[in-house]
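# Structural overview for review
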Amino acid sequence: MKIYQSGVLVLALMVFYSCNRTDSNDINENTSLQERIEGQLGTLDAKTSFYAKHLPSGKEISIRADQPMNPLSVIKIPMMVLAFRDTENGDLDLDQRYLVKSEDMRSGSGLLQTFSPGLTPTYRDLVTQMIISSDNTATDIILKKLGMERVNIFLQEAGYQETAVKSSTGDLFRDLRALSDSSANNFSDREIFELGPPLDPDSYERSFRFEGDSTKWLGRTTAREMGRMLEQIRNAELTSRKSA
């Protein structure tokens, strides 16, 4: 799980790079970093939420950080944590191989969909691809192995009140397709995969509305809770130091 230390660094660099691009004439020297970030967020035609913490000092920047948001692929992080916890408890062998079947394939992000069925990655490989390439095929295989209910129980017991998994990516794509074709509710995962995303003239608008509907989200979280999880991963509070 060490990749998350790099991930946090990249996010921090993106924030500071964005701030540095602002014309210095538009920013008072006494403007706080929080005000500068809030100003940048305010230029976006979107609902935004932001949380950052300087770990050595404990100083925080919080902008609507407790507002529930659509986590999209960020919800894959707690799945990864539980996979490592299960491994430490002897409930999952990350070196065991899994036979990827045709019905496992998912569209969207990821590399596994580009290979023919029959590939046999280890569960460690699947967790890795779920994170480094946000692979949706790997995600649904791992989610099925862990169990959605178990992921959410882990989150609740760890004190995450606003973070939960609500859907598999396969069900998400089926629901999106059903907006334009109600018969898609009866399609198999493989059929949804073979159809691919809708590309008709109204598809973008439907997709935009779909992503804004909280009842259709892949899950939910807040910026503060996800920041807390990344810090706990770094500090080995959710797993052993070896896993962290």
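As the structure is a prediction and not an experimental result, all values here were calculated from the model.

## Points about the confidence of the model for the protein chain
Detailed reading of the predicted coordinates is not advisable wherever pLDDT falls low. Across the protein chain, the average pLDDT comes to 88, with 87% of residues at or above 70. Within the model, pLDDT remains below 50 along residues 1–27, and this stretch shows 26 contacts once partners closer than five positions in the same chain are excluded.

## Considerations on the pattern of salt bridges
Counted according to the given criterion, the structure contains 14 salt bridges. Across the pair Arg 124 and Asp 95 runs a salt bridge, and its minimum N-O distance is 3.4 Å. Linking Arg 124 in helix H4 (residues 123–132) with Asp 95 in the loop between helix H3 (76–88) and H4, this pair joins segments that are 29 residues apart in sequence. The shortest N-O distance in the salt bridge between Arg 106 and Asp 140 comes to 2.7 Å. Here the residue Arg 106 occupies a position in the loop between H3 and H4, and Asp 140 occupies one in helix H5 (residues 136–146), the gap between them amounting to 34 residues.

## Thoughts on the side chain of Asp 86
Checked against the element boundaries, Asp 86 lands in helix H3. Excluding residues within four positions of it along the chain, Asp 86 makes contact with Asp 91, Leu 92, Leu 146 and Arg 150.

## Quick notes on the pairing of strand S2 (residues 59–63)
As defined by bridge partners, strand S1 (residues 50–54) adjoins S2 across five bridges and the pair is classed as antiparallel. In the sheet register, His 54 faces S2, and the bridge partner there is Lys 59.

## Quick look at the nonpolar core
Counting residues in hydrophobic clusters, the biggest one holds 39 residues, and the most contacted among them are Met 80, Tyr 123, Leu 126, Val 127, Met 130, Leu 146 and Met 229. Elements that contribute at least two residues to this core include exactly H3, H4, H5, helix H6 (148–157), helix H7 (169–178) and helix H10 (223–234). Per-element tally for this core: the top contributor is H3, with seven residues. If near-sequence neighbours (up to four positions away) are discounted, Met 130 is found in contact with Lys 76, Met 79, Met 80, Asp 135, Ala 138, Thr 139 and Ile 142. Counting residues in each nonpolar core, the second largest holds five residues, with Ile 37, Phe 50, Ile 61 and Ile 63 among its members.

## Here we look at the packing of H3 against H6
Close contact between H3 and H6 brings their axes to 10 Å; oriented N to C, the two are set at 90 degrees. With respect to H6, the element H3 is oriented roughly perpendicular. When H3 is examined against H6, the residues Pro 78, Val 81, Leu 82, Arg 85 and Asp 86 are found in contact with a partner set consisting of Arg 150, Val 151, Phe 154 and Leu 155. Grouping the constituent residues of the contact of H3 with H6 by class yields six nonpolar, no polar and three charged.

## Details of the packing of aromatic side chains
All chains considered together, the criterion is met by two aromatic pairs. Considering the side-chain rings of Tyr 98 and Tyr 123, the 6.0 Å spacing of their centres and the 55 degrees angle between planes classify their relative orientation as tilted. You can see Tyr 98 sitting in the loop between H3 and H4 and its partner Tyr 123 sitting in helix H4, a full 25 residues away along the chain. Assessed through its relative accessible area of 16%, Tyr 98 is described here as buried. Relative to Phe 208, the ring of Tyr 204 has its centre 6.5 Å away and its plane inclined at 25 degrees; by these criteria the two rings are stacked.

Conventions adopted
Residues numbered from 1 in each chain as written. Predicted model: local features only at pLDDT ≥ 70, side-chain atom pairs only at ≥ 80, totals over all residues. Heavy atoms only, no water. pLDDT = per-residue confidence, 0-100. Contact = heavy atoms within 4.5 Å. Salt bridge = Lys/Arg side-chain N within 4 Å of Asp/Glu carboxyl O. Helix = DSSP H or I, 4+ residues; strand = E, 2+ residues; numbered from the N terminus. Pairing = 2+ DSSP bridges. Core = buried A, V, L, I, M, F, W, Y, C linked by side-chain atoms within 4.5 Å. Buried < 20%, exposed > 50% of the residue type's maximum accessible area, 1.4 Å probe, protein only. Axes fitted to C-alpha atoms, helices over the stretch in contact; angles between N-to-C directions. Parallel < 35°, antiparallel > 145°, perpendicular 65-115°, else oblique. Nonpolar A, V, L, I, M, F, W, Y, C, P; charged D, E, K, R; others polar. Phe/Tyr/Trp six-rings, centres within 6.5 Å; stacked < 30°, edge-to-face > 60°.

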